[in-house]
Amino acid sequence: MSAPSHPSRALVALVALALLAGGCGAGGTLSAKALSQESKSLQSLASEGALLARNAHAGRTTRTFTRVHSEELYKAASKASTSLRAAKTEPKLEPKLRKLTFLAGKVSGDLKRLGHASKTEQALLAHELELAARTLQ
Amino acid sequence: MSVKNVLAVALGILSAIGGFVDIGDLVFNTQAGATFGYQLLWVVVVGVVGIIVYSEMCGRVAAVAKRPVFDLVRERVGFGAGLGTLIASQIVNLMTCAAEVGGVAICLQLLAGLPYRALIPLAVVALVLSAWVLPFEWIERVFGYLGLGLLVFAVAAIKLHPDWVRVAHGFVPGHHVGGSLLVYLYFVVGLLGAAMTPYEVYFYSSGAVEDGWGLKELGLNKVTSMIGYGLGGFLSFALMIVAGTLFLPRNIDPQFLGTPPLAAADALGEVGLLLALVGILFAVGGAAIETCFSGAYNTAQFFGWRWGKREQPAAASRFTLAWLVIFALAFLVVMTGYDPVKLTEYSVIFSVVALPLTYLPILLVANDRSYMGSNVNGRLANVLGVVYFVVILAIAVAAIPLMLLTNGGQG
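Parameters at a glance
Sequence order as written defines the numbering, with residues in each chain counted from 1. Going through the entries in the order they are written, you letter the chains from A and number the ligands from 1. Whole-chain, interface and lining totals are the exception, using all residues; otherwise, since this is a predicted model, local features are given only for residues with pLDDT of at least 70 and side-chain atom pairs are given and counted only at 80 or more. Elements are defined by DSSP. Helices are runs of H or I of four residues or more, strands are runs of E of two residues or more, and each kind is numbered from the N terminus. The globule rule used here is 2.2 Å times the number of residues to the 0.38 power, and the radius of gyration it is set against is calculated over C-alpha atoms. Three exposure classes are used, based on other C-beta atoms lying within 10 Å of a residue's own C-beta, which is placed from the backbone: buried for 20 or more, exposed for 12 or fewer, and partly exposed in between. Note on contacts: each residue gets a C-beta atom placed from the backbone, and two residues are in contact if those atoms are within 7 Å. Residues are grouped as follows: Ala, Val, Leu, Ile, Met, Phe, Trp, Tyr, Cys and Pro are nonpolar; Asp, Glu, Lys and Arg are charged; every other residue, Gly included, is polar. Nonpolar cores are built from buried Ala, Val, Leu, Ile, Met, Phe, Trp, Tyr and Cys residues. These are joined into a set through C-beta atoms within 7 Å.

The next point concerns the overall build of chain B. Within chain B, the secondary structure is distributed over 16 helices and zero strands. The globule rule puts the C-alpha radius of gyration for 411 residues at 22 Å, and the 20 Å found for chain B is close to it. Once the C-alpha set of chain B is aligned to its principal axes, its extents read approximately 55 × 50 × 45 Å. With 411 residues in all, chain B has 58% of them scored as buried. Of all intrachain contacts in chain B linking residues separated by at least 6 positions in sequence, the fraction that spans at least 24 positions is 87%.

If you want it as structure tokens, here you go:
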């Protein structure tokens, strides 16, 4: 009975570490790598939002799917936007952080509008989100 | 073989295809495709052959020795290590079951638009009722057949016009392009873990014992495991090809369960989207029931309780209580609001750690003449079994360090 208890304890510790590694990292001082990761993740959200908007405009999605999925994307973008607004970074990275914070707000706003957008707005939002994704590249 | 038998085999294969993909396959195949394109298709082949090798073995052990996997685990590795394996497998089963329940609720939300939290209890009640009311074979059939909606991803893969030469190259292991080596290795481990997830063999072997398999089912065992899992792997290819064609060029990192259906919508419109959502709903729902039963099977077999879906609930009361408790705990986990996709990533990676203790007893017993008589492993089954066991050991050691070093594949 005693032999497996050590690996079990080690496993529990590793689980806790993994959960911490997965859950932490919001806000605080951002390194260049962290900024780049934030940018990558925002680009993904913008790009997926653009794809959703384009398909919604073309009548290839249901209204419910567009609303629910854009809401999910919006929540993630909004969370990123909030943590970027509260974040600090070293002086030379400040312009990048400001640009990223602005784009996060823009992407988050566009995704929020997408859920209830008309066909014309969907086309416009697809274009806007594509543009934001390209800027974030 | 009579027409009736051919039909039975065909139906079994169809339900195996629909039942092959679970939330782990959905998450890892689309993420791998979106990160490395078609370069990891070879890993799916390795994983599918692995699950075929070990499923065939445990189906044969169940048919000949009438022993399910966890019965053998305790006997072969002893009470202490067996208990460790039971605890580890129960944690993984619970995480997987919770992720699948969350997946069902998300699918329902994407279909009906109702609030996610309100849909979680609805999903759990629907799953518990299905598990309680439907006979064993109907659970497999209903969820397996409706899970065939996932075939829409194969059509989408063709409609999206991937570069087939590059797709073909993806079946040959080689140097990876793009992304870091550690992330590449993380996905190798994740894809193998998703394909060879332990609950599948627990469920398969216990199901074979419940169905009263004997020597005459050995052929059925071979056909079902080879063709069913083989064609099920085809769905994994489709998911990876779709993600590599549509998401990779757009730098989309699929972090939501709604992302893969978006690819079906892009290729096939509203009908494609609805088929994908229904396919995911039933594939994931079926997997939730399978993980829950697996947990109950394992516990009952380890402690020597009376067990079986075919038993009256009162006659196998501890077994029945066990699967009800697992559903209740999964419900509580999902209600905490933890993201089912993240939970899936953790459950797949932790399941890899539990793989060796699941597969070793199967390999040992399948080679033991005192259990198997003349139906022991042949040379091919042994070579493949040993090679895969080495692979399993290697990925079990690497899984958690890779997850920590790559921040769950984020680099």
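Here we come to the interface of chain A and chain B. At the junction of the two partners, chain A supplies 28 residues and chain B supplies 31 residues. The residue makeup of the side of chain A that touches chain B, split by class, is 12 nonpolar, 12 polar and four charged.

With that settled, the discussion passes to the environment of Thr406(B). Residue and element names in this part refer to chain B. Note on placement: Thr406 falls in the segment after helix H16 (379-405). Taking the number of C-beta atoms within 10 Å as the measure of exposure, Thr406 has 20 and is therefore buried. The sequence separation of Thr406 and Leu185 amounts to 221 residues, and the corresponding C-alpha distance is 9.6 Å. In contact with Thr406, other than residues within four places in its own chain, are Leu182, Val183, Tyr186 and Gly411.

Glancing now at the nonpolar core. All names here are of chain B. By size, the foremost hydrophobic cluster in this structure holds 176 residues, and its most contacted members are Val101, Cys107, Phe153, Leu191, Ala264 and Ile362. The leading source of residues in this core is helix H12 (residues 259-303), at 24 residues. Setting aside anything within four residues of it in sequence, one finds Ala264 in contact with Val152, Phe153, Ala156, Gly272, Leu273, Leu275 and Ala276.

Honestly, that's just the spatial picture; any functional story needs more than this.
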